[in-house]
Amino acid sequence: MGLDHSTVESYLARIGTTWPKATDEHTLRTIQERHVLSVPFENVDCFLRRPLRLGEGAVEKIARQHRGGGCYELNSALGLLLESLGYPVTIMAARVYHGDVLMPPMRHLVLRVDAPTPYLVDVGFGFGQDRNSLLPLRFDEREPQHDPFGTYQLADAPSGDVDVLREGRPLYRIERHPRAVEDFEHTLWWFHTARESPMLQALFCVLPMRDGRASLKNDSFVLLKNGERMCEQLEGVGQVRKALSEFFSIEVDAIPDFMRGPEVLGAAMAVAVEESTGHAE
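What counts and how
Residues numbered from 1 in each chain as written. Predicted model: local features only at pLDDT ≥ 70, side-chain atom pairs only at ≥ 80, totals over all residues. Heavy atoms only, no water. Helix = DSSP H or I, 4+ residues; strand = E, 2+ residues; numbered from the N terminus. Buried < 20%, exposed > 50% of the residue type's maximum accessible area, 1.4 Å probe, protein only. Pairing = 2+ DSSP bridges. Contact = heavy atoms within 4.5 Å.

Undergrad: What's the story with the environment of phenylalanine 204 in this structure? I'm lost.
TA: With respect to the helices and strands, phenylalanine 204 occurs in strand β13 (residues 204-209). Residue classification places phenylalanine 204 among the buried residues on the basis of a relative accessible area of 6%. As a C-alpha pair, phenylalanine 204 and glutamate 274 span 70 residues in sequence and 24 Å in three-dimensional space.

Undergrad: Explain the pairing of strand β5 (residues 118-121) to me, please; I cannot follow it from the model alone.
TA: Across a regular strand the side chains alternate sides, sitting on one face of the sheet and then on the other. Burial along β5 is two-sided: Pro118 and Leu120 facing one way and Tyr119 and Val121 facing the other are all buried. Of the pairings in the sheet, the one linking strand β4 (residues 108-114) to β5 comprises four bridges and is antiparallel in character. Note on β5: the bridge partner recorded for aspartate 114 is proline 118. With two bridges connecting them, β5 and strand β8 (residues 137-138) associate as antiparallel partners. Each bridged residue has a counterpart across the sheet, and for tyrosine 119 the counterpart in β8 is arginine 138.

Undergrad: I would appreciate a short explanation of helix α3 (residues 56-64) in the present structure.
TA: Counting along an α-helix, one turn takes 3.6 residues, and residues three or four places apart therefore face a common direction. Among the residues of α3, those classed as buried are Ala58, Val59, Lys61, Ile62 and Ala63. In this fold, the buried residues of α3 make contact with α1 (5-14), β1 (41-42) and α4 (71-85). Positive phi appears at histidine 66, one or two residues downstream of α3, with a value of about 55°.

See below:
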């Protein structure tokens, strides 16, 4: 089921574009590029004791609350937007590489979008060099694909899976068979509560720009712009809130769990999820 007209317009306005005239490759490239440059990859809600949402809940967060999110949120929301515009969208799961080692299944959510050529669409992966492309990648292409964020390549893997590499370094392995967004609910519980969860290791917020990148990790802020790097050690939660507002347009009154460790965060998030759903996982 697609989004209503008003929500689609709000989402498109959020990423700085308007209702497209055609559902073609050019429009898909524009939407992914605008999404990457407008919606930060961030986990602030984990430090506010707010459960992360999938699908329509993520759309509300991005389009109406002017927020970002993790891969589950960003890609599931974008999938709904693209479906509502008329694109055939397939949700797929991926296993993330840690060095040369593949992590367990379902740790990443990506999209295959037919425009009508099949494309890999991903607007929510990683930091620094290990990050998603700015533009969609041809899903049926096995030669290197040059992107403003680097050279990417899709490679056939065992069992019909597909590896995604950046500059020759493997990022994740995609399972080809379709998934429903509900399939990720149990793994979302792991992201909320496990001490190993990447969402609980540190507060982060990353937003690429055409000429650089703004990134926040706990109380460390880095701005890369026109080849110059500016680093600032922030003093206290007040300056962190100010950085979130000035550079990422994220407004929060307080960050109750700022600088707390993953075990404390995981316990707090478990309670928050139970309260929001009315039952434990």
